[in-house]
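A closer look at the structure
If you want the building blocks of each chain, they are given just below.
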Amino acid sequence: MLSKKVEAALNAQIRVEAESSQVYLSMASWAEVKGLEGIAQFLYRHSDEERMHMLKMVKYVNERGGHALVSDLAAPATDFGSFQKLFQELFDHEIMVSECINNLVHVTLEEKDYATHNFLQWYVAEQIEEEALARTILDKINLIGNDKGGLYLFDRDIQQLSVDSAASGTGPA
Ligand code: FEO
C-alpha cells in the first residue's frame, strides 16, 4: 500500500511525464511543418515513449492501492525557433525530468517504501540514457554548425537514433 505522500509524489511525476509527451508532440508538429521530416519522426516517437513512461506509472499506482490521477496539463510552446534551440530545450527538459525522478526516489527513502524505490530504478536508468541521447544529438548539431548539407544528413540519420543506440554508442555517425 502506498503512503499518501508517495502516492502524491507519483501522481506529480505522472503529470511531468504527460507534459513531456505533450512538449515533444508539439516539437514534432513544429518540425514537421518546417519540413524537418526526420526530426519530426524522432520527436513523435519520443512523445510516445513519454506516454509509455506515464502509463507505466499510472498502472503501478493503481496496482499498489493508490489512485492514479489524470490532471490538467500546461500547454506546450508552439514555436521552437530553430532546430538547434529545440534540441537544447529537449536536453534541458530531460535534465529537469531527471531532477524530478531523483526527488521522487528521495521521497520513497524517507517513507521507507522500498518497493516503489525499486520500481523507480527503471526510471533512473532511463533518464541516464535519455540524457546521453540528448547530449549525443547536441554534439552532432555542434559539428554541423550552419552547413545545409550537414542538416540534410542529420535530418536523415536522426530517424535511426533512439535511446538504445545512443546508450550503446552504435548510432549512425
Ligand atoms: Fe520520461 Fe524523458 O522522461
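The following paragraphs examine the structure supplied in this document. Starting afresh in each chain, residues are numbered from 1 along the sequence in its written order. In keeping with the model being predicted, local features are shown solely for residues with a pLDDT of at least 70 and side-chain atom pairs are shown and tallied solely at 80 or more, while totals for entire chains, interfaces and linings include all residues. Side-chain metrics rest on all non-hydrogen atoms present in the structure, leaving aside hydrogens and water.

Our next topic: unusual backbone geometry. Phi is positive for lysine 112, which is not a glycine, with a value near 55°. In this structure, lysine 112 sits in the loop between helix H3 (83-110) and helix H4 (114-144). Helix and strand definitions here come from DSSP, where helices need a minimum of 4 consecutive H or I residues and strands a minimum of 2 consecutive E residues; each element is numbered from the N-terminal end.

Within this scheme, the nonpolar core is defined by two criteria: the residues are buried Ala, Val, Leu, Ile, Met, Phe, Trp, Tyr or Cys, and they are joined through side-chain atoms within 4.5 Å. Only protein chains enter the accessibility calculation, which uses a 1.4 Å probe; a residue whose area is less than 20% of its type maximum is buried, one above 50% is exposed, and one in between is partly exposed. Counting residues in each nonpolar core, the largest one holds 26 residues, and the members touching the most others are Ile39, Phe42, Leu43, Phe87, Ile137 and Phe154. Among the elements of the structure, helix H1 (4-33), helix H2 (37-63), H3 and H4 are those that each provide at least two residues to this core. The residues contacting phenylalanine 87, other than those within four sequence positions of it, are Ile39, Phe42, Ile137, Leu138, Ile141, Phe154 and Ile158. Grouped together as the second largest cluster of nonpolar side chains are 21 residues, Leu2, Leu10, Met54 and Val97 included. Any two residues having at least one pair of non-hydrogen atoms within 4.5 Å are treated as being in contact.

One can find aspartate 113 in the loop between H3 and H4. Those residues in contact with aspartate 113, other than ones at most four positions away along the chain, are Leu2, Val6, Arg64 and Thr108.

The next thing to look at is the packing of aromatic side chains. Only rings of Phe, Tyr and Trp enter the pairing, Trp through its six-membered ring, and a pair is recorded when the two centres are within 6.5 Å. The plane angle decides the type: under 30 degrees is stacked, over 60 is edge-to-face, the rest tilted. Counted under the stated rule, the structure contains seven aromatic pairs. Ring plane angle 40° and centroid distance 5.8 Å describe the contact between phenylalanine 83 and phenylalanine 154, whose orientation is recorded as tilted. Of the two residues, phenylalanine 83 sits in helix H3 while phenylalanine 154 sits in helix H5 (residues 148-157), which places them 71 residues apart along the sequence. With respect to burial, phenylalanine 83 and phenylalanine 154 carry one shared label: buried. Ring geometry for phenylalanine 87 and phenylalanine 154: centres 5.9 Å apart, planes at 90°, overall edge-to-face. Taken as a pair, phenylalanine 87 in helix H3 and phenylalanine 154 in helix H5 lie far apart in primary sequence, 67 residues in all. Grouping residues by exposure puts phenylalanine 87 and phenylalanine 154 together as buried. Taken together, Phe42, Phe83, Phe87 and Phe154 form an aromatic cluster joined through their ring pairs. Note that lysine 56 overlies the ring of tryptophan 122, its terminal NZ or CZ placed 4.5 Å from the centroid. In this scheme, Lys NZ or Arg CZ marks a charge over a ring once it lies within 6 Å of the ring centre and within 35 degrees of the ring normal.

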